[in-house]
Amino acid sequence: AHKERITRGHLDTVSKVDPNWAQVRVISEVSMSGKLKVKTGRYPVAVGTGYVDGYSEETNRKQIIVVVTDGCKVLCYTSELQLMWEQNLHCDL
């Protein structure tokens, strides 16, 4: 199953042999297979982050994570990887 992870650590030049890799810690993880455990059409082809709310010096904003899958779905997650919404697209990837 495909999974998205949020990590914290040193990711400047991470590779399979980078000694910093041991310092990366997974802080959240979510399965991309969905509620029905679908095995096809859930491979992430694009991932982006951003904010829903505009900038304010008085408020701490949390980012959202948006994933587009090879099955032409758009999944939007909170910063804690809780699924906010899911939408089908009409596309050919």
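The preceding data block contains the structure.
Bear in mind that the values here come from a model prediction, so they are computed numbers and not experimental data.

Cut-off values and rules
- Residues numbered from 1 in each chain as written.
- Predicted model: local features only at pLDDT ≥ 70, side-chain atom pairs only at ≥ 80, totals over all residues.
- Heavy atoms only, no water.
- Core = buried A, V, L, I, M, F, W, Y, C linked by side-chain atoms within 4.5 Å.
- Buried < 20%, exposed > 50% of the residue type's maximum accessible area, 1.4 Å probe, protein only.
- Helix = DSSP H or I, 4+ residues; strand = E, 2+ residues; numbered from the N terminus.
- Salt bridge = Lys/Arg side-chain N within 4 Å of Asp/Glu carboxyl O.

1. Considerations on the nonpolar core
In step 1: In terms of nonpolar packing, the biggest core is built from six residues, these being V30, I65, V67, L75, Y77 and L81.
In step 2: Every element with two or more residues in this core is listed here: β4 (64–69) and β5 (73–77).

2. Concerning the pattern of salt bridges
In step 1: The final tally for this structure, using the stated rule, is two salt bridges.
In step 2: With a closest N to O distance of 3.0 Å, E80 and K62 form a salt bridge. One end of the pair, E80, is in the loop between β5 and β6 (83–88); the other, K62, is in the loop between β3 (44–50) and β4, and 18 residues separate them in sequence.
In step 3: Using a relative accessible area of 40% as the deciding quantity, one classes E80 as partly exposed.
In step 4: A relative accessible area of 57% places K62 in the exposed class.
In step 5: Linking K73 and E86 is a salt bridge whose minimum nitrogen-to-oxygen distance equals 3.4 Å. With K73 in strand β5 and E86 in strand β6, this pair connects stretches of sequence that are 13 residues apart.

3. Quick word on unusual backbone geometry
In step 1: In this structure, C72 is a non-glycine residue whose phi angle is positive, near 60 degrees.
In step 2: Accessibility expressed as a relative area gives 7% for C72, which makes it buried.
In step 3: In this structure, L81 is a non-glycine residue whose phi angle is positive, near 65 degrees.
In step 4: Structurally, L81 can be placed in the loop between β5 and β6.

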